[in-house]
Amino acid sequence: MQENVKKKLIILFNILMLIPIPNTILEPIQPKLFDGIRLVSTIIMTFYIAIVTLKEKKIDKFDIVLILNAVIILIASALNKTITINNTFSTISVFIVAMYLKKSLKYSDNVMAALYYLYSSIIILNFITFFIRINVNYVNMFFIGGKNSVSITVIPAILIIHIYSILKYDSLTKWNKLLIVVSIVSLIISKSTTAIIVAMILIIYYAFYYILHGKINIGVKGYTALYAFLFIMVVFVSQFIANTKVNAIVEDILGKNLTFTNRTQLWNETIDKFMDSPLIGLGKNNKVIYSFTNGKLDQSHNMILELLLTGGIVSLVAFICAVYYATKNLDSKDEISKLILFNIFSFFAIGLTESVTFNYQLWVILAISYSYGKFILGGENDKESVKQIKQQN
């Protein structure tokens, strides 16, 4: 009994630690309180990482490329005189979260349970706010935030819910199926074009999941090729087509043009300014897009282009290495591996029109991917995480 209470208290503590990670309206409503919680949790995570690293007496390649990415971005910010305490902390904290999750998932089931309860609660609360709108700074928002934030948070939520259910119960339970359905419905009723597209992709995925029982195996190379094709089509080919009659036809039919709400202009400006410092970029808070849009926007709305603008080619290479190490041990024939790869691809698809490189959600997904591939499929830790999760009440 006491052991069960202790476990629940540890899970509750981890939930409080992880509260700053998902996108929610708590941040704009109580920014100082939220920043305080984020600072405390980041300090605790840093101490944990240091203790575990000293105990293991090694730093793996995933950690190295994360540290390299942070260092390059901070150097670029310093050289371009854009470095501040806020952007230094925001840069470091993202990678601290990834390292913390990766290390803690290796040794304890409590963090996975905390992620499950946290994201499940957010999905439910967000669904309720579709019917009870919340006004923040004169803007109607959902619990997750604005409509563009919905898909960014829902994708890792679905991943966490599905994985936790499989590891704990060996199947997707009725309750967790319902949570996933609610998540997909949330994407649709958010009225975000990106979210609706992601919802359609998820519906197709789960249709194949149940109809074909996972017989379609798409590996890392397949998803990489598909993403590269989409990136070229969206960023480059769309700009060419946008100057033809095809653009007018599409706009008449769909009410949307092929400039992706004028994002192509942002991408052109990003590429032009990136060429000023291609090796290490211009750092965070570089004001390129802010100046170009007269203060209306501050991001390039493309994951890869934002990374190039911020940290240059070196940062992009480090990022590619991080993704490689996070996925290298996954097995395309394994059910959970398939789910992880699909969710990484889905998140990257969002990144075609949104700047999500420094969003916590991306690094939550990559940390889970690394942990599952390395510590469960890879044989490390003798699958203790799975055993512990199944023993929970």
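Placed above this text is the structure.
The structure reproduced in this document is the subject of the present report.

Scoring rules and cut-offs
- Residues numbered from 1 in each chain as written.
- Predicted model: local features only at pLDDT ≥ 70, side-chain atom pairs only at ≥ 80, totals over all residues.
- Heavy atoms only, no water.
- Phe/Tyr/Trp six-rings, centres within 6.5 Å; stacked < 30°, edge-to-face > 60°.
- Helix = DSSP H or I, 4+ residues; strand = E, 2+ residues; numbered from the N terminus.
- Buried < 20%, exposed > 50% of the residue type's maximum accessible area, 1.4 Å probe, protein only.
- Lys NZ or Arg CZ within 6 Å of the ring centre and 35° of its normal.
- Core = buried A, V, L, I, M, F, W, Y, C linked by side-chain atoms within 4.5 Å.
- Contact = heavy atoms within 4.5 Å.

We now examine the packing of aromatic side chains. Under the definition given, this model contains 17 aromatic pairs. The interplanar angle of 15 degrees and the centroid separation of 4.1 Å between the aromatic rings of tyrosine 205 and phenylalanine 342 together place this pair among those described as stacked. Here phenylalanine 342 lies in helix H15 (residues 335–350) and tyrosine 205 lies in helix H9 (residues 193–211), a separation of 137 residues in the sequence. The same class applies to tyrosine 205 as to phenylalanine 342, namely buried. Between phenylalanine 319 and tryptophan 363, the ring centres sit 5.8 Å apart and the planes meet at 80 degrees, which makes this aromatic pair edge-to-face. On the criterion of sequence distance, the pair formed by phenylalanine 319 in helix H14 (residues 303–327) and tryptophan 363 in helix H16 (residues 360–377) is long-range, its members being 44 residues apart. For phenylalanine 319, a relative accessible area of 2% puts it in the buried group. Three or more aromatic residues joined by ring pairs form one cluster here, namely Phe95, Tyr227, Phe231, Phe236, Phe319, Phe348 and Trp363. Sitting above the plane of the tyrosine 107 ring, lysine 55 keeps its charged end 5.6 Å from the centroid. Of note, lysine 284 hangs over the ring of phenylalanine 358, and the distance from its end group to the ring centre comes to 4.9 Å.

Judged by nonpolar contacts, the single largest core of 112 residues is most densely connected at Leu18, Leu101, Ile163, Tyr206, Phe319 and Trp363. Broken down by element, this core gets its largest block of residues, 13 residues, from helix H7 (residues 147–169). If sequence neighbours within four positions are ignored, tyrosine 206 has contacts with Ile158, His162, Ile180, Ile184 and Leu339.

In this section: the environment of leucine 330. Examined against the element boundaries, leucine 330 turns out to sit in the loop between H14 and H15. It is 7.1 Å that separates the C-alpha atoms of leucine 330 and leucine 377, two residues lying 47 residues apart in sequence. Sequence-distant contacts of leucine 330, defined by excluding residues within four places in its chain, comprise Ser337, Ile340, Leu341, Ser369, Tyr372, Gly373 and Leu377.

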